[in-house]
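# Structural description and commentary
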Amino acid sequence: AAVAAFLVLRVRARLGQVHAYVFDFPTADAHYAEAERLAATLVKADPDNTTWRRDRVMGVVNRGDMRSRMMDYAGAEQLLREAIRELDALAKADPDNSAAKRDLAVGHSLLGVALSGAGRHSEGRDALARSLVLREENTYLFKLGKDNKAERIAVEIGAKDGAMVEVLGMLK
């Protein structure tokens, strides 16, 4: 039963993405909410399963991103802050998991967009700065591509001025 629920939640999440892509937000929200509900049921049965925990929280991320696109910035902020708390816990639980770090960076990036959309540009910049993922040898910036997947862009950190940092790389 768990495998079937897992497959259904993945399909519902993908359907949510398709409907969000064509701006059918009510249908997208219904699919995301169902995927999130299924994932929460799986997490309740096995709280240590990080794949199911990730799927649940990515449902929250998707709903937050959708709220931002609908210009419901307060709703987006609430959902994305909730997601970031869980994404941070997942990243800390497995520090070598680059996918968990990427998910956390995407959450911060989307929060930055929502805060900036709400006119809170300073807070938005801070959230976007946190989306820089620092690694031992490399620094990356993640952005969402047209296909709604995170793209990793290698960057270098340039001059710093207080809370501001210069980012150098192949950015558009």
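Residues numbered from 1 in each chain as written. Predicted model: local features only at pLDDT ≥ 70, side-chain atom pairs only at ≥ 80, totals over all residues. Heavy atoms only, no water.

## Observations regarding the packing of aromatic side chains
Threshold: Two rings belonging to Phe, Tyr or Trp (six-membered ring only in the last case) form a pair when the distance between their centres is within 6.5 Å. Interplanar angles under 30 degrees mark stacking, angles over 60 mark edge-to-face geometry, and anything in between is tilted. Burial classes follow relative accessibility: with a 1.4 Å probe on protein chains only, a residue under 20% of its type's maximum area counts as buried, one over 50% as exposed, and anything between as partly exposed.
Using the criterion set out here, one finds one aromatic pair in the structure. Measuring from ring centre to ring centre gives 5.9 Å for phenylalanine 23 and phenylalanine 25, while their planes differ by 80°; the resulting arrangement is edge-to-face. Phenylalanine 23 sits in the exposed class, given a relative accessible area of 58%. Phenylalanine 25 gets classed as buried once you look at its relative accessible area, which sits at 12%.

## Digging into the nonpolar core
The following threshold applies: As used in this record, nonpolar core signifies buried Ala, Val, Leu, Ile, Met, Phe, Trp, Tyr and Cys residues forming a set joined through side-chain atoms within 4.5 Å. We count a stretch as a helix when DSSP gives it H or I for four or more residues in a row; a strand needs E for two or more, and each element gets its number in order from the N terminus. Here a residue-residue contact requires only that any non-hydrogen atoms of the pair lie within 4.5 Å.
Val57, Val61, Leu80, Ala83, Leu87 and Leu111 are the most contacted members of the largest nonpolar core, which totals 20 residues. Ranked by the residues each element gives to this core, the list is headed by helix α4 (residues 73-93), at eight residues. Among residues more than four places away in sequence, those in contact with valine 61 are Leu80, Ala83, Leu87 and Leu110. Core analysis: the next-biggest nonpolar cluster, separate from the first, contains ten residues, Phe6, Leu9, Leu38 and Val43 among them.

## Focus: the packing of helix α3 (residues 50-69) against α4
A packed helix pair is summarised by two numbers, namely the angle formed by the two axes and the spacing between the axes. The following threshold applies: In this analysis, axes come from line fits to C-alpha atoms, helices being fitted only over the stretch in contact, and the angle between any two N-to-C directions falls in the range 0 to 180 degrees. Note that the term roughly parallel is reserved for angles under 35 degrees, roughly antiparallel for angles over 145, roughly perpendicular for angles of 65 to 115, and oblique for everything else. Two helices cross in a left-handed way if the nearer one is turned anticlockwise from the farther one by less than a right angle. They cross in a right-handed way if the turn is clockwise. Think of it as three bins: nonpolar holds Ala, Val, Leu, Ile, Met, Phe, Trp, Tyr, Cys and Pro, charged holds Asp, Glu, Lys and Arg, and polar takes everything else, Gly as well.
For the pair α3 and α4, the least separation of the axes is 8 Å and the interaxial angle reads 160°. Judged on the interaxial angle alone, α4 and α3 are roughly antiparallel. Handedness of the α3/α4 crossing: left-handed. Residues belonging to the contact of α3 with α4 are distributed by class as follows: twelve nonpolar, four polar and eight charged.

## A word on the environment of tyrosine 73
By secondary structure assignment, the location of tyrosine 73 is in helix α4. Its relative accessible area of 21% is what places tyrosine 73 among the partly exposed residues. For the pair tyrosine 73 and asparagine 49, spaced 24 residues apart in the sequence, the C-alpha separation amounts to 31 Å. Every residue in contact with tyrosine 73, bar those within four places of it in the chain, is listed here: Ser68, Ala114, Gly117 and Ala118.

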